[in-house]
Amino acid sequence: QLQVVESGGGLVQPGGSLRLSCTASGFTRTSYAMCWFRQAPGKEREGVSCISSSGSSTNYADSVKGRFTISRDNAENTVYLQMNSLKPEDTAVYYCAAGAFLLEPGGMDYWGKGTLVTVSS
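First things first, this report covers the structure right here in the doc. (Residues numbered from 1 in each chain as written. Predicted model: local features only at pLDDT ≥ 70, side-chain atom pairs only at ≥ 80, totals over all residues. Heavy atoms only, no water.)

Within the element layout of this structure, Ser21 appears in strand β3 (residues 18–25). Setting aside its immediate chain neighbours within four residues, Ser21 contacts Val5, Glu6, Ser7, Trp36, Val79 and Tyr80. (Helix = DSSP H or I, 4+ residues; strand = E, 2+ residues; numbered from the N terminus. Contact = heavy atoms within 4.5 Å.)

See below:
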């Protein structure tokens, strides 16, 4: 079974930076894209960024383009989300997931439990 575990959430000031990490284990029958989603209180879960299984392709939600960077270290089975110039509206629980190369929750097969990012002064 594929397991996905996120870490790195916390409290940061507006304009600050934070790096989230996601470690996946148990890859067997197929290769997976890895994606980040987020969900703010009272709002729907939304896609943030995805990276292909090889790491050669990425996509981003318009709201984070130019501020967030996704990367993948296949040797360590780890995906990172570098978040810069953080805004209060970035506050959410961030989830790492494995599945299709698509910013759609329904395309994901495995989910982490989430890590909370709070952007506030």
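Here Thr78 lies in strand β8 (residues 78–83). Not counting residues up to four positions away in its chain, the partners in contact with Thr78 are Cys22, Thr23, Ser71, Arg72 and Asp73.

Attention now goes to unusual backbone geometry. In this model, Ser85 sits at a positive phi of 50 degrees, which is unusual for a non-glycine residue. If you trace the backbone, Ser85 turns up in the loop between β8 and β9 (92–99). According to the relative accessible area criterion, Ser85 is partly exposed, its value standing at 41%. (Buried < 20%, exposed > 50% of the residue type's maximum accessible area, 1.4 Å probe, protein only.)

If you trace the backbone, Ser52 turns up in the loop between β5 (46–51) and β6 (58–60). On a C-alpha basis, the gap between Ser52 and Ala100 in space is 8.3 Å, while along the polypeptide they are 48 residues apart. Apart from residues lying up to four places away in sequence, Ser52 is in contact with Ala33, Ser57, Arg72 and Phe101.

Next up on the list: the pattern of salt bridges. For the structure shown, the criterion picks out four salt bridges. Arg38 is the partner of Asp90 in a salt bridge, and the nearest nitrogen-oxygen pair spans 2.9 Å. In this pair, Asp90 is assigned in the loop between β8 and β9 and Arg38 in strand β4 (residues 33–39), connecting sequence segments 52 residues apart. The two residues Asp90 and Arg38 agree in class, both being buried. Between Asp62 and Lys65 there is a salt bridge, with its nearest N and O atoms 3.0 Å apart. Ionic contacts of the salt-bridge type, sharing partners, join the residues Arg38, Glu46, Arg67 and Asp90 into one network. (Salt bridge = Lys/Arg side-chain N within 4 Å of Asp/Glu carboxyl O.)

Let's shift gears to the nonpolar core. Of all hydrophobic cores here, the largest spans 28 residues; its most connected members are Met34, Trp36, Leu81, Met83 and Tyr94. Those elements that provide at least two residues to this core are β3, β4, β5, β7 (68–73), β8, β9 and β11 (115–119). (Core = buried A, V, L, I, M, F, W, Y, C linked by side-chain atoms within 4.5 Å.)

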